[in-house]
Amino acid sequence: MVSSGMKVPIEVEEAGNAVIQGKTSSAVVIHLDSKSNTLSVGKAYGNKMKHPYRACFAQFQDDKASFALVNIKLSTGEGQDRNKLAMIMWAPDTATAKVKMTAASGSRALRSKFKCNAYVEIQEKTTSKNVNDVLAKVLRSGEGCNSFEGVKVSQNEMGEFVFCDGGNHEDSDFDEED
């Protein structure tokens with residue numbers, strides 16, 4: 001299917017559907033080549049990945065646009081464990097205008113293929129800001145959150161979600177569950 005002039009290749013569609021089904025994959029990084037306007041599978045993460053969002057985030061490069069389709073593991077304010085499907089668009093502030101424009105086109109093409117709980121655009125790698133950006137989009141109005149990928153979160157005085165311990169937790173991005 002063509003959307004906004006960009007085609008979603010079958011391998012990207014298959015990898016995304018594997019994440020949506022949640023049986024074999026918890027996340028996939030999709031790279032965008034802004035010169036050829038093509039999408040490709042960068043890396044897929046299995047269901048045993050503890051922190052699929054942060055593992056995808058670590059794959060994002062400062063000069064390229066990328067996307068991640070992620071089943072984010074969280075615990076709601078009511079204490080229920082949930083997975084929320086999110087598509088993250090990485091279009092760094094440091095990228096050229098062409099990269100950013102191509103990312104917008106790629107986002108439209110991917111959104112037409114994958115229905116998610118949330119679509120989040122991220123332009124900089126600031127852990128606390130990015131966690132808040134994701135949770136603000138993923139949670140329903142009035143829904144709370146106690147943990148993000150197993151790490152406790154709370155809302156600060158400005159109503160933003162932050163890690164309770166103040167850490168960035170980037171050291172455990174690639175750990176797998178037992």
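As shown above, the structure is provided for reference.
What you see is a predicted model, and the numbers here were worked out from it, not measured in a lab.

**Regarding the overall build of the protein chain**
Then, number 1: Across its full length, the protein chain carries four helices and ten strands.
Then, number 2: Along its sequence from the N terminus, the protein chain presents helices and strands in the succession β-β-α-β-β-α-β-β-α-β-α-β-β-β.
Then, number 3: Split into buried and exposed, the 178 residues of the protein chain put 47% on the buried side.
Then, number 4: Excluding contacts between residues fewer than 6 apart, the proportion of contacts in the protein chain whose partners are at least 24 apart in sequence is 61%.
Then, number 5: If you sum the accessible surface of the protein chain, you get close to 8,800 Å²; carbon and sulfur atoms cover 46% of it.

**Quick look at helix α3 (residues 97-113)**
Then, number 1: With 17 residues, α3 extends 25 Å from end C-alpha to end C-alpha; this agrees with the ideal 24 Å at 1.5 Å per step.
Then, number 2: Taken together, the buried positions of α3 are occupied by V99, T102, A103, S105, G106, S107, A109 and L110.

**Considerations on the pairing of strand β8 (residues 145-148)**
Then, number 1: Pairing between strand β5 (residues 66-76) and β8: three bridges, direction antiparallel. Its bridge partner being in β8, L74 is matched across the sheet by F148.
Then, number 2: What sits between β8 and strand β9 (residues 151-155) in their antiparallel hairpin is a turn of two residues, with E149 showing a positive phi close to 55°.

**Points about the state of the cysteines**
Then, number 1: In this structure the tally under the stated criterion is zero disulfides.
Then, number 2: Among the cysteines around C164, which has no disulfide bond, C145 carries the closest sulfur, lying 9.7 Å off.

**Structural notes on the side chain of S34**
Then, number 1: Within the secondary structure, S34 sits in the loop between β3 (25-33) and β4 (38-46).
Then, number 2: The exposure class of S34 is buried, given its relative accessible area of 15%.
Then, number 3: S34 has contacts with K98, V99 and T102, leaving out every residue within four places of it along the chain.

**With respect to the pairing of strand β7 (residues 118-122)**
Then, number 1: Covered by surrounding structure in β7 are A118, V120 and I122 only, the residues Y119 and E121 on the alternate face being uncovered.
Then, number 2: The pairing of strand β6 (residues 81-90) with β7 spans five bridges and is classified as parallel. Of the residues in β7, the one forming a bridge with M87 is Y119.
Then, number 3: Following the chain from β6 across α3 to the adjacent parallel β7, one finds a crossover that is right-handed.

Criteria and thresholds
- Throughout this description, residue numbers start from 1 for each chain and increase along the sequence as written.
- A pLDDT threshold of at least 70 governs which residues receive local features in this predicted model, and a stricter bar of 80 or more applies before side-chain atom pairs are shown or counted, although totals over entire chains, interfaces and linings include all residues.
- Note that water and hydrogens are dropped before the side-chain values are worked out from all heavy atoms of the structure.
- Here a strand is any run of E in DSSP of at least two residues, a helix any run of H or I of at least four, and the numbering for each starts at the N terminus.
- Three labels apply to residues, based on accessible area from a 1.4 Å probe with only protein chains included: buried if under 20% of the type maximum, exposed if over 50%, partly exposed otherwise in between.
- Every residue pair with non-hydrogen atoms within 4.5 Å of one another is taken to be in contact.
- Every accessible area reported is derived by Shrake-Rupley at a probe size of 1.4 Å, with residue values counting cover from the shown protein chains alone.
- Here a helix's expected span is defined as the number of its residues, less one, multiplied by 1.5 Å.
- Note on pairing: DSSP must find at least two bridges between two strands before they are called paired.
- When the sulfur atoms of two cysteines come within 2.5 Å, that pair is taken as a disulfide.
- Crossover handedness is defined here as right-handed if the route from the first strand over the helix to the second strand goes clockwise, with the strands pointing away from the viewer.

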